[in-house]
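Now for the letters of each chain:
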Amino acid sequence: MPAKKKTRTMSDEHKAALAEGRSQGRAVRLYLEALEANKPKRGRKRTPESVQKRLDKITAELPSADPLKRLQLTQEQLDLEAELQAGETTVDLAALEKDFIASAAAYASRKGISYSAFRSVGVTPAVLRAAGISRAS
């Protein structure tokens, strides 16, 4: 007869520690994703009007285009429509930054992440200072 398996239970403190770790990780991830999404791009800025103007031009070209050109125009149209939609959504970077500042030091300490690593992914020195992460950390 096989031995009975012991059922394991987590203590409330362990569950709370896991929840806190998930919360800290989420705050850091969301802030870094927002930084990445709002990173300035090279070249001339595209306005919603210029994107819409190009979409109108594509719509006019599509009926008379050969199949290969139609394929390329359709893909460009999809890309431009996605760009317009992305431009409409705004991210509250200040709220994400506040959550990052509250969580980053504990997260970095637990995961062994240095000041330099945060800087290399675009986090500003002022935000790191506010979070309590220094070069000596």
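This write-up is about the structure you can find in this document. (Residues numbered from 1 in each chain as written. Predicted model: local features only at pLDDT ≥ 70, side-chain atom pairs only at ≥ 80, totals over all residues. Heavy atoms only, no water.)

Some thoughts on the pattern of salt bridges
In step 1: A full pass over the atoms with the stated rule returns four salt bridges.
In step 2: A salt bridge links glutamate 61 to arginine 54; the shortest N-O distance between them is 3.8 Å.
In step 3: On the accessibility criterion, glutamate 61 (26% relative accessible area) is partly exposed.
In step 4: A salt bridge links glutamate 76 to arginine 54, with the nearest nitrogen and oxygen atoms 2.8 Å apart. Remark: arginine 54 occurs in helix H2 (residues 48–61) and glutamate 76 occurs in helix H3 (residues 67–88); sequence separation between them is 22 residues.
In step 5: In this structure glutamate 76 comes out as partly exposed when scored by relative accessible area, which is 29%.
In step 6: A residue is classified by how much of its surface remains accessible, and arginine 54, at 25% relative accessible area, is partly exposed.
In step 7: Through salt bridges with shared partners, one network takes in Arg54, Glu61 and Glu76. (Salt bridge = Lys/Arg side-chain N within 4 Å of Asp/Glu carboxyl O. Buried < 20%, exposed > 50% of the residue type's maximum accessible area, 1.4 Å probe, protein only. Helix = DSSP H or I, 4+ residues; strand = E, 2+ residues; numbered from the N terminus.)

Quick look at the packing of helix H1 (residues 12–37) against helix H4 (residues 93–111)
In step 1: Where H1 contacts H4, the two axes come as close as 7 Å, and the packing angle between them is 125 degrees. One way to sum up the angle between H1 and H4 is to call them oblique. Pair H1 / H4 crosses with left-handed handedness. Residues Gly21, Gln24, Gly25, Ala27, Val28, Leu30, Tyr31 and Ala34 of H1 form the contact with H4, whose own contacting residues are Leu93, Leu96, Glu97, Asp99, Phe100, Ser103, Ala104, Ala106, Tyr107 and Arg110. (Axes fitted to C-alpha atoms, helices over the stretch in contact; angles between N-to-C directions. Parallel < 35°, antiparallel > 145°, perpendicular 65-115°, else oblique. Left-handed = near helix turned anticlockwise from the far one by under 90°. Contact = heavy atoms within 4.5 Å.)

Things to note about the side chain of glutamine 24
In step 1: Topologically, glutamine 24 is positioned in helix H1.
In step 2: For glutamine 24, the side chain forms a polar contact with the side chain of arginine 110, separated by 2.5 Å.
In step 3: Sequence-distant contacts of glutamine 24, defined by excluding residues within four places in its chain, comprise Ser103, Ala106, Tyr107 and Arg110. (Polar contact = N/O pair within 3.5 Å; in protein donor to acceptor, adjacent residues only side chain to side chain.)

Description of H2
In step 1: For H2, built from 14 residues, the straight-helix expectation of 20 Å at 1.5 Å per residue is met to within 8% by its first-to-last C-alpha distance of 20 Å.
In step 2: Among the residues making up H2, those that are buried are Val51, Leu55 and Ile58. In an axial view of H2, the angular spread of the buried residues amounts to 60 degrees, which keeps them on one side of the axis. Summarising the geometry of H2, the exposed residues directed more than 90 degrees from the buried face are Glu49, Lys53 and Ala60. (Expected span 1.5 Å × (residues − 1). Arc of directions from axis to C-beta.)

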